[in-house]
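In case you want the letters, here they are:
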Amino acid sequence: AQTVTQSQPEMSVQEAETVTLSCTYDTSESDYYLFWYKQPPSRQMILVIRQEAYKQQNATENRFSVNFQKAAKSFSLKISDSQLGDAAMYFCAYRTLNYGQNFVFGPGTRLSVLP
Amino acid sequence: DAGVTQSPTHLIKTRGQQVTLRCSPKSGHDTVSWYQQALGQGPQFIFQYYEEEERQRGNFPDRFSGHQFPNYSSELNVNALLLGDSALYLCASSLAMTSGNNEQFFGPGTRLTVL
């Protein structure tokens, strides 16, 4: 079974600065997807960024980028030019390509953005 | 285009009671997955419904059951409620595909409190 670990329960960053959230996972599969989801106090899970394991190039979405190290099973999220609206719980998630394709989530990192 | 909707928003029950939570998938989606998110934790997969049948199930007891209707909406039923069932219940919808990048869209969740 796959597992996802986020070793930073809480992080804080100054507005306009850069922060990196860590995620490691364990799997015996060679192909899969990795995701970062944001959950603000409104509780709605919002997709931040997605990475296909077969792609070597790191995904980027505006101020959000990932550092995907497949051999190390590491998938960190970098947020540049942090904004107050980035404050939320961030979940790293793994999804198999197999039947069902449901997510395995990490325990989350609570990000605070300081003005 | 309405996204994933869930009802009710909040619910309070007592131990031993039964509860039904409802989910309407995003327009065009035919697959519904349910997750339990305990306070301060990541979501845990309960089960997934496709073509009105349970297709995959996580590590949850038989007290948790579900149903999918011909219009693809879904219900989650929990019998003999325990204090530990208190959580945010998330519904996610997607298109059934044997492989590929079929993103799951999450609803805002139902907050269940068991007293």
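The structure this text deals with has already been given above.
Residues numbered from 1 in each chain as written. Chains lettered and ligands numbered in written order. Predicted model: local features only at pLDDT ≥ 70, side-chain atom pairs only at ≥ 80, totals over all residues. Heavy atoms only, no water.

**Topic: the nonpolar core**
Nonpolar side chains in soluble globular proteins generally cluster together in the buried interior. Heads up, the condition is: To form a nonpolar core, buried Ala, Val, Leu, Ile, Met, Phe, Trp, Tyr and Cys residues must be joined to one another through side-chain atoms within 4.5 Å. Exposure categories follow from relative accessible area, calculated using a 1.4 Å probe and restricted to protein chains: below 20% of the type maximum is buried, above 50% is exposed, and the middle band is partly exposed. The way it works is that DSSP assigns letters per residue, a run of H or I at least four long becomes a helix, a run of E at least two long becomes a strand, and they are numbered from the N terminus.
Counting residues in hydrophobic clusters, the biggest one holds 25 residues, and the most contacted among them are Tyr25(A), Trp36(A), Phe75(A), Leu77(A) and Tyr90(A). At 4 residues, strand 10 (residues 88–96) of chain A tops the list of elements feeding residues into this core. With 20 residues, the next largest nonpolar core counts Val19(B), Cys23(B), Phe60(B) and Ala87(B) among its residues.

**Some details on unusual backbone geometry**
Residue Pro8(B) is bonded to the preceding Ser7(B) through a cis peptide linkage, with omega at -10°. Among the structural elements, Pro8(B) can be located in the loop between strand 1 (5–7) and strand 2 (10–13). With a phi close to 80°, Ala16(A) is a non-glycine residue in the positive phi region. If you trace the backbone, Ala16(A) turns up in the loop between strand 2 (10–14) and strand 3 (19–21).

**Here we look at the sheet that holds strand 1 of chain B**
Residue and element names in this part refer to chain B. The criterion, for reference: A pair of strands is considered paired only if DSSP assigns at least 2 bridges between the two. Axis definition: a line fitted to C-alpha atoms, over the contacting stretch in the case of helices. Angles run 0 to 180 degrees between N-to-C directions.
Across the sheet, 4 strands lie side by side as 1-3-8-7; this open sheet has antiparallel pairing. Edge strands, defined here as strands with exactly one partner in the open sheet, are strand 1 and strand 7 (64–68). Neighbour to neighbour, the strand axes of the sheet diverge by 20° on average, direction disregarded. With 3 bridges joining them, strand 1 and strand 3 (residues 19–24) adopt antiparallel strand pairing. Bridge pairing links Gln6 to Cys23 in strand 3.

**Focus: the environment of Val113(A)**
Residue and element names in this part refer to chain A. For Val113, the location among the structural elements is in strand 12 (residues 109–114). Assessed through its relative accessible area of 11%, Val113 is described here as buried. The spatial distance from the C-alpha of Val113 to the C-alpha of Ser80 is 12 Å, given a sequence separation of 33 residues.

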